[in-house]
Amino acid sequence: YANLFIGKCNMRLQNTNKYKSTKKLNFVFLYSFVFRSRLAISIYELLIVMSIMGILAAVTIPVISNYMPAFKLWGSSRIIINKLRQAQEEAVTTQKQHLIKFNLAVDPDPANIQLVKNDGGKIVLETFNLSNGVTISLSPQIVALENEIAFSPDGGPSVAGDITVTLGEASKTINVSPAGVIKL
């Protein structure tokens with residue numbers, strides 16, 4: 001429709017030499033009016049787009065909620081690894097022993113970990129609560145040292161062992177080696 005309209009206006013402009021500038025002005029005005037009205041969105045188009053978005057949301061929300069436990073487990077595991085590495089780095093940087101204390105979940109409180117500085121006395125620097133439902137189980141070597149892994153000023157751990165993070169039936173195991181390597 002717009003091409004037909006433009007073609008007719010061009011023919012009129014070519015056939016008349018008189019008042020050529022006025023015709024061009026009218027042509028530009030009409031041309032912009034036609035395309036300006038076509039740029040608007042009708043209410044029907046808006047309703048169709050909104051209904052498609054609603055259907056997509058209704059389909060994707062249950063799919064995403066199925067993955068939430070895996071995200072919580074992965075996130076809690078990464079937090080524990082990061083805090084272990086932070087304690088190790090703090091011990092090397094400050095040349096003071098730093099440790100991580102694991103407080104296992106006791107209903108209704110979730111499990112948490114504490115970053116502690118051992119400078120003559122134990123000073124809690126940071127406490128971090130894990131997600132609800134996440135439980136921690138420690139290897140017997142770590143349990144024997146009061147649920148703590150201490151890092152000496154050279155970065156070595158006081159004990160090597162495994163930390164198992166569990167949520168429901170899924171679990172991830174974090175390993176602390178005697179050399180101080182922390183891996184998932």
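Residues numbered from 1 in each chain as written. Predicted model: local features only at pLDDT ≥ 70, side-chain atom pairs only at ≥ 80, totals over all residues. Heavy atoms only, no water.

Participant: Mind laying out the pattern of salt bridges, listing which residues take part and the relevant values?
Facilitator: Summed over all chains, the structure comprises 3 salt bridges. Between Lys-83 and Glu-126 there is a salt bridge, and its shortest N-O distance comes to 2.9 Å. Of this pair, Lys-83 sits in helix H3 (residues 43-94) while Glu-126 sits in strand S3 (residues 121-129), and the two are 43 residues apart along the sequence. Note on Lys-83: relative accessible area 15%, which makes it buried. (Salt bridge = Lys/Arg side-chain N within 4 Å of Asp/Glu carboxyl O. Helix = DSSP H or I, 4+ residues; strand = E, 2+ residues; numbered from the N terminus. Buried < 20%, exposed > 50% of the residue type's maximum accessible area, 1.4 Å probe, protein only.)

Participant: Tell me what's going on with unusual backbone geometry, and back it up with residues and numbers.
Facilitator: At Gln-95, a residue that is not glycine, the phi angle is positive and equals roughly 60°. For Gln-95, the location among the structural elements is in the loop between H3 and strand S1 (97-103). Residues other than glycine seldom take positive phi values, yet Asn-147 does so here, at roughly 60°. Of the residues examined, Asn-147 reaches a relative accessible area of 18% and is grouped as buried.

Participant: I'd like to hear about the side chain of Gln-114, residue by residue, with values.
Facilitator: Here Gln-114 is to be found in strand S2 (residues 112-119). Filtering out sequence-adjacent residues up to four positions away, Gln-114 remains in contact with Leu-99, Ile-100, Lys-101, Asn-103, Val-124, Glu-126 and Thr-127. (Contact = heavy atoms within 4.5 Å.)

Participant: For the nonpolar core, give the residues involved together with the corresponding values.
Facilitator: Soluble globular proteins tend to bury their nonpolar side chains together. Core analysis: the largest hydrophobic core is formed by 25 residues, its most contacted members being Ile-80, Leu-84, Phe-102, Ile-136, Ile-149, Ile-163 and Ile-174. Not counting residues up to four positions away in its chain, the partners in contact with Ile-80 are Phe-102, Ile-113, Leu-130, Ile-136, Val-165 and Ile-174. (Core = buried A, V, L, I, M, F, W, Y, C linked by side-chain atoms within 4.5 Å.)

Participant: Describe the environment of Ile-163, and please don't skip the residues or the numbers.
Facilitator: Along the polypeptide, Ile-163 turns up in strand S6 (residues 161-167). Looking at Ile-163, the relative accessible area reads 0%, which means it is buried. Sequence separation of Ile-163 and Asn-175 is 12 residues, and the distance between their C-alpha atoms is 6.4 Å. Discounting chain neighbours no more than four positions away, the residues touching Ile-163 are Leu-84, Phe-102, Ile-136, Ser-137, Leu-138, Ile-142, Ile-149, Lys-172, Thr-173, Ile-174 and Val-176.

Any functional reading would require information that these geometric values do not contain.
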